[in-house]
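Architecture and fold: a report
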Amino acid sequence: MPVITYREAVRHALAEELERDPNVVVMGEEVAQFNGAYKVTEGLLARFGPQRIVDTPISEAGFIGVGIGASMLGIRPVMELMFWSFYSVAFDQILNNAANVRYMSGGQIHCPIVIRGPANGGTNVGATHSHTPENVLANHPGVKVVVPSSPADAKGLLKSAIRDNDPVFFLENTMLYGEKGEVPAGEHVVPLGLADVKRAGTDLTIVTYGRSVLHSLAAAEVLEREHKISTEVLDLRTIRPLDFDSVLKSVAKTHRVLIVEEQKPFASVGSQLAYMIQREAFDELDGPIHRLATVDAPAIYSPPVEVEQLPNPRRVLQAALETLA
Amino acid sequence: MSKKPTAKETTPTAATDHAQAPVNARLTPEERIELFRKMVRIRRFEERSLRAYQAKKIGGFLHLYIGQEAVAVGCCSLMGPHDHVITAYRDHGHAIAVGMETKPLMAELYGKATGCSKGKGGSMHYFDPSRNFWGGHGIVGGQIPLGAGLAYALKYKGLKGAAMAFMGDGAVNQGAVHEAYNLASLWNLPVVFVIENNGYSMGTSQARSSAGELAQRAAGYDMQWGQCSGHDVYEVRAMMDKFLTLARETGKPSTVEIDTYRYRGHSVADPDNTYRSKQEIEEYRRTRDPIQLFQDKLLAEGALTPALAEQIDTEARAEADVAADFSEASPFPTPADIQTDVYWEADNPADRRSQGRLFFT
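Residues numbered from 1 in each chain as written. Chains lettered and ligands numbered in written order. Predicted model: local features only at pLDDT ≥ 70, side-chain atom pairs only at ≥ 80, totals over all residues. Heavy atoms only, no water.

1. With respect to the sheet that holds strand β13 (residues 257-260) of chain A
Residues and elements named next belong to chain A. Taken in spatial order, the five strands of this open sheet run β9-β11-β10-β13-β14, and their pairing is mixed. Lying at the two open borders of the sheet, with one neighbouring strand each, are β9 (196-199) and β14 (290-292). The mean angle between the axes of side-by-side strands here comes to 25°, regardless of whether they run parallel or antiparallel. Here five bridges tie strand β10 (residues 204-208) to strand β11 (residues 231-235), and the two strands are oriented parallel to one another. Along β11, the bridge assignment pairs Thr205 with Glu232. Where helix α7 (residues 212-227) meets the sheet, it contacts β9, β10, β11 and β13, and its direction lies at approximately 170° from that of β11. (Pairing = 2+ DSSP bridges. Helix = DSSP H or I, 4+ residues; strand = E, 2+ residues; numbered from the N terminus. Axes fitted to C-alpha atoms, helices over the stretch in contact; angles between N-to-C directions. Contact = heavy atoms within 4.5 Å.)

2. Quick look at the pattern of salt bridges
Opposite charge on two side chains makes pairing possible when the charged atoms of those side chains draw close. Residue and element names in this part refer to chain B. As enumerated under the stated definition, the model contains 48 salt bridges over all chains in all. Residue Arg41 pairs with Glu319 through a salt bridge whose shortest N-O separation is 2.7 Å. Here Arg41, found in helix α3 (residues 29-54), pairs with Glu319, found in helix α13 (residues 306-329); they are 278 residues apart in sequence, far enough to count as distant. Look at Glu319 and you get partly exposed, because its relative accessible area is 23%. A salt bridge links Asp321 to Arg48; its shortest N-O distance comes to 3.0 Å. Of the two residues, Asp321 is situated in helix α13 and Arg48 in helix α3; the sequence distance between them amounts to 273 residues. Note on Asp321: relative accessible area 34%, which makes it partly exposed. (Salt bridge = Lys/Arg side-chain N within 4 Å of Asp/Glu carboxyl O. Buried < 20%, exposed > 50% of the residue type's maximum accessible area, 1.4 Å probe, protein only.)

3. Looking at the confidence of the model for chain A
Summing up the model confidence of chain A, the mean pLDDT is 98 and the portion of residues at 70 or higher is 100%. Put simply, helix α10 (residues 303-309) of chain A is where chain A has its lowest mean pLDDT, 97, and β11 of chain A is where it has its highest, 99. (pLDDT = per-residue confidence, 0-100.)

4. Remarks on the state of the cysteines
As enumerated under the stated definition, the model contains zero disulfides over all chains in all. The closest cysteine sulfur to the non-disulfide-bonded Cys111 of chain A is located on Cys116 of chain B, 19 Å from its own sulfur. Exposure remark for Cys111 of chain A: the relative accessible area of 2% places this residue in the buried category. (Disulfide = S-S within 2.5 Å.)

5. As for the interface of chain B and chain A
On the chain A side, the residues contacting the 49 residues of chain B number 63 residues. Across the interface of chain B and chain A, roughly 4500 Å² is buried in total on both sides, 61% from carbon and sulfur atoms. Considering only the surface of chain B that becomes buried against chain A, Tyr156, Trp344 and Arg357 of chain B emerge as the three largest contributors, covering 17% of it. On the surface where chain B and chain A come into contact, there are three salt bridges. (Buried area = accessible area lost by both parts, 1.4 Å probe.)

6. Examining the sheet that holds strand β4 (residues 76-80) of chain A
What links the strands of a sheet is backbone hydrogen bonding, and the strands pair in either a parallel or an antiparallel sense. Residues and elements named next belong to chain A. Judged by pairing direction, the sheet is mixed, and its seven strands sit side by side in the order β3-β2-β4-β5-β7-β6-β12 without closing on themselves. The open sheet is flanked by β3 (53-55) and β12 (238-240), the only strands paired with a single partner. In this sheet, adjacent strand axes meet at a mean angle of 20° when their direction is disregarded. Where strand β2 (residues 24-28) meets β3, three bridges bridge the pair, whose relative direction is parallel. Bridging from a neighbouring strand, Met27 pairs with Val54 of β3.

7. Observations regarding the packing of helix α3 (residues 60-72) of chain A against helix α4 (residues 91-104) of chain A
Residue and element names in this part refer to chain A. Running from amino to carboxyl end, α3 crosses α4 at an angle of 10°, the nearest separation of the two axes being 10 Å. When the axis of α3 is compared with that of α4, the two are roughly parallel. Counting all contacts with α3, which are made through Ala61, Ile64, Gly65, Ile68 and Met72, the residues of α4 involved are Gln93, Ile94, Asn97, Ala98 and Val101. Grouping the amino acids of the contact of α3 with α4 by side-chain chemistry returns seven nonpolar, three polar and no charged. (Parallel < 35°, antiparallel > 145°, perpendicular 65-115°, else oblique. Nonpolar A, V, L, I, M, F, W, Y, C, P; charged D, E, K, R; others polar.)

8. A few points about empty space enclosed by the protein
Residue and element names in this part refer to chain A. Scanning all chains against the criterion turns up one cavity of 30 Å³ or more. The space that makes up the largest cavity amounts to roughly 110 Å³. Lining the largest cavity are Ala119, Thr132, Glu134, Val147, Leu171, Glu172, Asn173, Tyr209, Gly210, Arg211, Ser212 and Glu262. Tallied by class, residues from the lining of the largest cavity come to four nonpolar, four polar and four charged. Taken domain by domain, the makeup of the lining of the largest cavity includes at least three residues from each of domain 1 (3-182) and domain 2 (196-324). (1 Å grid on protein atoms, 1.4 Å probe; cavity = no way out; pocket = protein on both sides within 12 Å on 5 of 7 lines; lining within 4 Å. Points joined across faces, edges and corners; volume = space filled by probe spheres on them. Domains from an automatic or database assignment.)

9. What about the environment of Ser210 of chain B?
Residues and elements named next belong to chain B. Its location among the elements puts Ser210 in the loop between α9 (206-209) and β7 (224-229). Under the relative-accessibility criterion, Ser210 is labelled buried at 7%. Each C-alpha atom of the pair Ser210 and Arg51 lies 34 Å from the other, and the pair is 159 residues apart in sequence. Every residue in contact with Ser210, bar those within four places of it in the chain, is listed here: Asp169, Val172, Asn173 and Arg217. Within the local environment of Ser210, its side chain forms a polar contact with the side chain of Asn173, the two groups lying 3.0 Å apart. (Polar contact = N/O pair within 3.5 Å; in protein donor to acceptor, adjacent residues only side chain to side chain.)

Quick look at the structure:
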């Protein structure tokens, strides 16, 4: 199986869907001539032309609104946000218009738009560029939220997202763009709402997603090697819809749960998960649910300190040991 | 503070007879009467809805269009098969103008399952994609990028049509509107931005909210623009025909500011006594009522007789009563309906591709 980067995997998904469906349009800042701020869309303009690969001005509310309006008439726009952090200037378009239009029209309209781009800290760009809004987005019924951790998932989930008839918000990670992995060539589709056991184990379940999956896998290695603790790492892959059955299955196996997320702790994805686990698997738990989140402050710039603000293998290891104490 | 006179009002010119504009001259008497009938139907529908609101049959807000009827009717009467409409929360007039039936419109106000949005949208959120009507949007200016998006889709598909994106005079100060202007002009999107200038953004007059002129802002985006009176349905049609044709034929966007006036408050919850005078309202009612003006014109033209005018009015009142009775008799949605029409996939389970939980408790 070919080994490619996460960045290439996203690009392959875009190219294959552009090829498959003439109504797919890729739109965003610097996606065409510049070949993408993070080179995700590199080469697409040359291959598909300016009608399909569209550069926009720095005007998120405007161009995302245009995408939403166009999607109501059957276009399937895949919008790139250079950073998901910029969603704040398009909040009304994303979460009033895209999220609500189906409901407010009594089901007469659907809005098959994908908004994708990186949402992560760890690149020393300060608080304005380091937002991780998956909890904010998923708080809005009507939308779907995807956070892939591996190249294969990035490709398979993006293809599903583009074919989906509901608005899908696809959160990538600049720290993962260069990560490599095996990715099936051609048609490789991962359904939304299906979690994946990235490592099987029996003593502890780490429920996680996005880049925190990599940190959790690194910590699980140490737990195995140095502490003889067998850790299951469950990658949610999609936040909404949520594959909670897989969470329950893993909890029933290990009886101990640590949630790891690159999220500020207050009302995070982990908050929701912890509520659901205690509500639906109380008798399976041998101890309180623990959570490791981003340290609760705006993203700090200072490069060595930012590493400690975010989940990292050392922090995950420590949190795992506390969970089992 | 009173309504700021527009350039149009301050410099009265020899009255152009807009009835002679080709788009109006070719109207048959029946078509003229139909324009009149739509305006009357909108007014009677809204008056009836106001009574229902006062009787506490309707919740939330009710933003009435009374006084502005010639704008929606004039604009929407020009729609071809590939023309589309989107507007803000003062949307009853546009809904009737595009041909929606009044029973589901009234039932929506009553919050009934038979409403045009099944009781899920309310007054501000009417939609009918089958009539190219895309809402009904609650946030000032938020619908304008969507209007540009409808035009984008028309252009992408190679369809000869135009989108009309309506907003009030207050919306022109919103950033989303300016972003949409820029994109529409930059990309040559066939959209006409229509500013329905009724002089007040809620309780703040134009003079207190907007620097400079409104339509002229389009020039900064290299867009053509026009201004006209919204009290004369012929004038609305003449002006809009020009810019809709520009959009359909050349793909070029434009902005049209239509001077109009609302007799009622911003919403019916608005006491309407802090920012304008009763005399001002009465003056508009007496001298520039769009229905009265058009009725006078049609009588003078001979297209309408006093008896027919009376009959149309009686029928419109009866239609509004029937709509209210229908709404009264209709069932409310059930609590089970709260969670339908949220996700396309949940509503089409046979075609669902995703897995996992879509809803949470």
